[in-house]
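# A closer look at the structure
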Amino acid sequence: MQNLIKQRFYKVIPHQVDFCSLRYLEERSEKLLVRKNVAEPPLSRHDVGVMLTVIDKGGLGYAATSDLSESGLREAMRRAQLWAKREKTVIDFSKVAMPQERGSYQSVLEKPWNSLSIADKLDLLHSESAQCYLNDKIVDWQTSLWFLQTEQLYLTHEGGEIRQSHQYLIPEIRVIANQGVNTQYRTFSESTYGRQGGLEILDHTGFVGKGQQLAEEALQLLAAPNCPSECMDIMLAPDQMILQIHESIGHPLELDRILGDERNYAGTSFVTLDMFGTYQYGSPLLNVTFDPTLPEQLASYGFDDEGLPAEKTYIIREGVLKTPLGGVMSQARTGLSGVANARAMSWNRPPIDRMANLNVEQGNSTLDEMIASIERGIFMKTNLSWSIDDSRNKFQFGCEWGQLIEKGELTQVVKNPNYRGISATFWRNLKKVGNQETFEVLGVPYCGKGEPNQIIRVGHASPVCLFTDVDVFGGV
Amino acid sequence: MQDYFYALADFMDKQLQDDEVYLCELTAEQSEFVRFNQGHIRQPGSVEQRYLEIDLIKKQCCVTGQLALSGSMHTDHERVATLFSELRDKLQHLQDDPYLFYATEVHSTESIGTNQLPAEALTEIVSSVQAHDFVGIYASGGIFTGFANSLGQRNWHSSYNFNLDWSFYHSKDKAVKSAYAGCHWETLIFQDKITQALAQLEILKRKPHTITPGPYRVYLSPTALYEILQLLSWDGFGLKAQRTKASALLKMLETPAQHLHSSVTLTENTAQGIAPAFQSEGFIRPAQVPLISQGVYDSALVSPRSAKEYGVKTNGANDEETPLSFDLAAGDFQKADILKTLDTGIYINNLWYLNYSDRAACRMTGMTRFATFWVEKGEIVAPLNVMRFDETLYNILGDKLIALTKEREFIIETDTYEKRSTGSARLPGALVEDFSFTL
């Protein structure tokens with residue numbers, strides 16, 4: 001199909017435009033879900049379409065269609081040209097040097113999705129589901145596998161040609177325990193454990209056996225006291241760190257937010273263009289990278305959706321803000337160097353600045369050393385609630401699991417743990433960064449942003465991290 | 001589009017074997033999206049998309065497939081036939097689904113929108129805003145939803161609307177947010193909204209006021225209240241969430257004495273909304289479903305699957321059991337008296353990024369955003385620097401609710417994730433005592 005699309009694209013390229021491109025995306029997915037030991041109808045999805053983009057005489061326009069015939073592409077090209085004729089644009093787009101790269105990228109795969117039959121995969125989910133029910137206080141539980149496969153082709157009028165192929169597996173186990181007006185959750189969440197690859201991800205993430213563990217922990221939470229309210233040290237597990245990185249480093253550093261594109265919806269940023277190179281974002285222990293090179297991570301790729309090659313880049317080094325998250329367009333608008341992060345959720349949405357993989361690099365503290373260093377604190381894991389202001393400064397996050405740390409030891413489990421703070425000061429209170437043994441590669445499949453709205457897959461990897469003087473509180 | 005879908009349904013009728021049944025839903029749109037920043041065009045474009053979802057059912061087994069249609073009948077016949085074959089292969093491996101439930105009585109309906117969209121709203125928008133720091137999106141075009149099944153039911157719903165969702169910025173995070181949505185563009189209405197927003201923008205030029213955390217009397221505009229109801233709609237009103245104890249209304253469900261203020265009557269009002277009155281298993285939604293009546297929990301939204309699982313009747317809810325057409329009954333408080341009654345407090349036009357601090361207690365947090373004002377002695381004094389609140393619903397619309405306004409606003413959802421939303425809400429504003437700010 002891709003070669004046919006290529007032939008048709010070259011037939012419909014208009015004369016005398018400054019730039020035009022075609023972005024083809026085909027996505028196949030399948031989701032299997034067993035809830036309370038009953039399999040729900042399997043859901044498969046096959047999506048395919050193209051977006052044509054034209055830059056001409058300073059204007060830019062796009063048109064997206066699922067009609068892949070030559071006439072369909074021709075009509076879309078005509079509409080994109082009409083949009084490009086619109087005046088009063090934010091910049092002269094003709095001055096942007098659009099990439100014209102050639103290359104390819106493919107996910108690394110060990111066990112293909114289809115190496116197990118649908119019956120075997122459902123058996124696996126049934127088996128894990130059966131482990132979740134421990135007693136009548138476990139009121140709901142479900143297990144699921146979500147597989148996705150994408151094929152992308154990006155062509156430019158001057159011969160740029162990029163082919164990329166990705167496969168993802170996103171597993172989930174979710175358990176709810178209840179007693180009266182007390183409900184507690186434990187999840188091995190699809191918002192956390194998605195990776196590139198195939199069924200080997202189940203082994204790598206410890207999926208099997210997780211159901212019973214989560215159910216036991218949910219029951220522990222049900223019997224636990226509320227998290228106390230006080231200012232204390234807080235140690236965050238990787239499955240909460242990803243949210244902290246995402247909301248209070250990732251979004252504020254997206255160049256399109258800093259440029260104001262998102263102010264009507266996703267918001268602006270407390271970060272300004274003059275901060276790059278000098279601003280002390282966090283303590284000297286903080287090192288953050290844009291890293292598309294970890295093959296298993298959710299947003300690893302060779303090129304972004306405007307054809308820019310992706311490479312590992314330090315965003316924050318030893319606490320100092322270095323590089324913004326901005327693709328070709330944002331780099332042209334600001335004069336700053338950025339990264340290859342212009343990405344679109346599908347063929348029917350235009351690329352905008354996104355996070356891709358944004359990771360906190362590992363430090364050298366062991367978990368035991370971190371715990372032993374805490375006089376009074378709390379260990380929190382698994383994000384449950386998240387809220388942050390539109391400048392990405394005042395945040396409040398909640399976790400499923402809390403465990404107090406007293407005089408250097410993990411002690412009482414507590415329920416409903418929350419904490420709040422301000423991004424600009426929170427990262428400067430980073431006291432210890434865990435070593436490789438505490439480091440996990442995780443990912444979030446649902447990052448929302450943009451007008452029109454887009455959801456996209458992003459990756460975050462992090463060790464366990466320790467912060468001082470954080471405002472912690474519990475439930476009602 | 002309707003003829004195309006029905007012709008495709010006729011083709012699907014012929015694909016069935018033995019005692020198979022199919023259900024299918026079309027969701028399609030022809031949209032124009034024009035994005036603005038600083039009064040100029042940032043990203044303009046068109047999207048034409050058509051998705052078909054097919055449930056293939058044999059006895060008590062079901063499998064679902066979604067595909068993108070091309071719009072060419074020959075190509076789409078091939079795609080649909082291939083999908084049927086793939087679904088049939090999977091059916092062999094499935095066990096009976098005890099909760100499979102779909103409409104077996106035929107209720108065909110038709111609601112056809114008229115295209116009165118303006119040919120050239122964009123020129124007027126650009127000329128009206130280019131001198132200002134204007135940011136937002138203009139979305140317009142046709143939205144089409146169809147249902148068909150092999151029992152002969154056919155349903156169609158089409159609408160053509162526009163939604164201009166924008167903000168005027170003064171500086172940093174100080175802005176006025178507004179929206180103009182409808183089916184027929186009227187210059188006078190648009191210009192009036194521009195004028196009103198620019199007037200509020202003048203207030204934002206004053207030195208901003210910062211408050212210390214604590215309880216304050218507040219006015220929540222209908223738009224701000226909508227943010228609260230949207231959070232509640234996430235697992236709040238569905239039967240599954242209620243039976244699995246995940247509902248944020250858990251305390252109301254488990255504790256009969258726990259209720260909201262008697263002036264709170266909340267309804268899923270399909271008859272007055274803009275969403276289709278049918279759903280993907282072929283059930284027709286009732287005109288109204290009372291969710292909360294005079295402060296007391298009334299009924300849940302029940303999807304066909306939950307109906308079968310819990311042995312109750314469905315009321316045509318979607319799979320997620322979320323409201324699509326919120327209706328909060330008007331109060332008796334005059335909008336003109338808001339500032340006077342607020343006396344000293346906060347006028348909140350918008351809330352943002354709500355989530356739960358303690359879901360079981362329906363305690364929620366979120367931020368003020370856009371034009372939120374500090375009021376003293378019944379006068380707007382200054383814009384307020386953003387604040388985080390943390391408060392329970394049982395205070396906001398319960399013990400601490402002073403009044404709901406007599407006037408209501410009709411809000412058309414601006415959500416465009418995957419497709420343009422057909423959600424809406426008709427809401428009053430709310431005057432609330434001791435609303436807690438924390439950061």
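Report follows, based on the coordinates.

Thresholds, definitions, all that
- Residues numbered from 1 in each chain as written.
- Chains lettered and ligands numbered in written order.
- Predicted model: local features only at pLDDT ≥ 70, side-chain atom pairs only at ≥ 80, totals over all residues.
- Heavy atoms only, no water.
- Axes fitted to C-alpha atoms, helices over the stretch in contact; angles between N-to-C directions.
- Helix = DSSP H or I, 4+ residues; strand = E, 2+ residues; numbered from the N terminus.
- Parallel < 35°, antiparallel > 145°, perpendicular 65-115°, else oblique.
- Left-handed = near helix turned anticlockwise from the far one by under 90°.
- Contact = heavy atoms within 4.5 Å.
- Nonpolar A, V, L, I, M, F, W, Y, C, P; charged D, E, K, R; others polar.
- 1 Å grid on protein atoms, 1.4 Å probe; cavity = no way out; pocket = protein on both sides within 12 Å on 5 of 7 lines; lining within 4 Å.
- Points joined across faces, edges and corners; volume = space filled by probe spheres on them.
- Pairing = 2+ DSSP bridges.
- Buried area = accessible area lost by both parts, 1.4 Å probe.
- Polar contact = N/O pair within 3.5 Å; in protein donor to acceptor, adjacent residues only side chain to side chain.
- Phe/Tyr/Trp six-rings, centres within 6.5 Å; stacked < 30°, edge-to-face > 60°.
- Buried < 20%, exposed > 50% of the residue type's maximum accessible area, 1.4 Å probe, protein only.
- Lys NZ or Arg CZ within 6 Å of the ring centre and 35° of its normal.
- Disulfide = S-S within 2.5 Å.

A word on the packing of helix 3 (residues 121–129) of chain B against helix 4 (residues 187–204) of chain B. All names here are of chain B. It is at 12 Å that the axes of helix 3 and helix 4 come closest, and there the two elements cross at 25°. Relative to helix 4, helix 3 is oriented roughly parallel. For the pair helix 3 and helix 4, the sense of crossing is right-handed. Note on element contacts: helix 4 touches helix 3 through Thr-187, Phe-190, Gln-191 and Ile-194, opposite Glu-124, Ile-125, Ser-128 and Val-129. Considering only residue class, the contact of helix 3 with helix 4 consists of 4 nonpolar, 3 polar and 1 charged.

Glancing now at empty space enclosed by the protein. Within this structure, the stated rule accounts for 8 cavities of 30 Å³ or more. A volume near 160 Å³ is recorded for the largest cavity. Taken together, 16 residues form the lining of the largest cavity, with A:Ser21, A:Thr53, A:Leu60, A:Glu306 and A:Pro351 sitting closest to its centre. When contributions to the lining of the largest cavity are tallied by element, the ones reaching two or more residues are strand 1 (19–35), strand 3 (43–56) and strand 4 (59–65) of chain A together with strand 2 (40–58) of chain B. Sort the elements by how many residues they give to the lining of the largest cavity and strand 1 of chain A lands first, with 3 residues. Reported here for the second largest cavity is a volume of approximately 110 Å³. Around the second largest cavity, the lining is made up of 13 residues, and of these B:Ala139, B:Asn163, B:Glu413, B:Thr414 and B:Arg420 lie nearest the centre.

With that settled, the discussion passes to the sheet that holds strand 11 (residues 288–290) of chain A. All names here are of chain A. With respect to topology, 4 strands assemble into an open sheet ordered 13-12-11-16, the strand pairing being antiparallel. Among the strands making up the open sheet, the edge pair consists of strand 13 (320–321) and strand 16 (358–360). Where strand 11 meets strand 12 (residues 313–317), 3 bridges bridge the pair, whose relative direction is antiparallel. Looking at strand 12, one finds that Val-288 is bridged to Ile-316.

On to the interface of chain B and chain A, then. Listed as interface residues are 93 residues of chain B and, on the opposing side, 94 residues of chain A. Of the roughly 7600 Å² buried where chain B meets chain A, counting both sides, 49% is carbon and sulfur surface. For chain B, the biggest contributors to the area lost against chain A are B:Arg35, B:Arg42 and B:Tyr417; these three give 10% of the whole. At the boundary of chain B with chain A, the tally comes to 61 residue pairs in polar contact (both at pLDDT 80 or more).

Before going further, it helps to spend a moment on the packing of aromatic side chains. Scanning all chains against the criterion turns up 46 aromatic pairs over all chains. Here the aromatic rings of A:Trp427 and A:Phe467 are separated by 5.5 Å at their centres, their planes lie at 75°, and the arrangement is edge-to-face. Of this pair, A:Trp427 sits in the loop between helix 10 (423–426) and strand 21 (430–433) while A:Phe467 sits in strand 24 (residues 465–473), and the two are 40 residues apart along the sequence. When its relative accessible area of 0% is taken as the criterion, A:Trp427 is described as buried. Overall, A:Phe467 belongs to the buried group, its relative accessible area being 0%. With 5.4 Å between their ring centres and 70° between their planes, B:Phe435 and B:Phe437 make a pair best called edge-to-face. The same class applies to B:Phe435 as to B:Phe437, namely buried. One aromatic cluster is present, built from ring pairs that chain together B:Phe36, B:Phe134, B:Tyr138, B:Phe162, B:Trp166, B:Phe168, B:Tyr180, B:Trp185 and B:Phe190. Above the plane of the ring of B:Trp234 lies B:Arg359, whose end atom (NZ or CZ) is 4.6 Å from the centre.

Moving on, we come to the state of the cysteines. Taken as a whole and assessed by the stated rule, the structure comprises 0 disulfides over all chains. Here B:Cys61 is not disulfide-linked; the sulfur of B:Cys62 is the nearest cysteine sulfur, at 8.8 Å.

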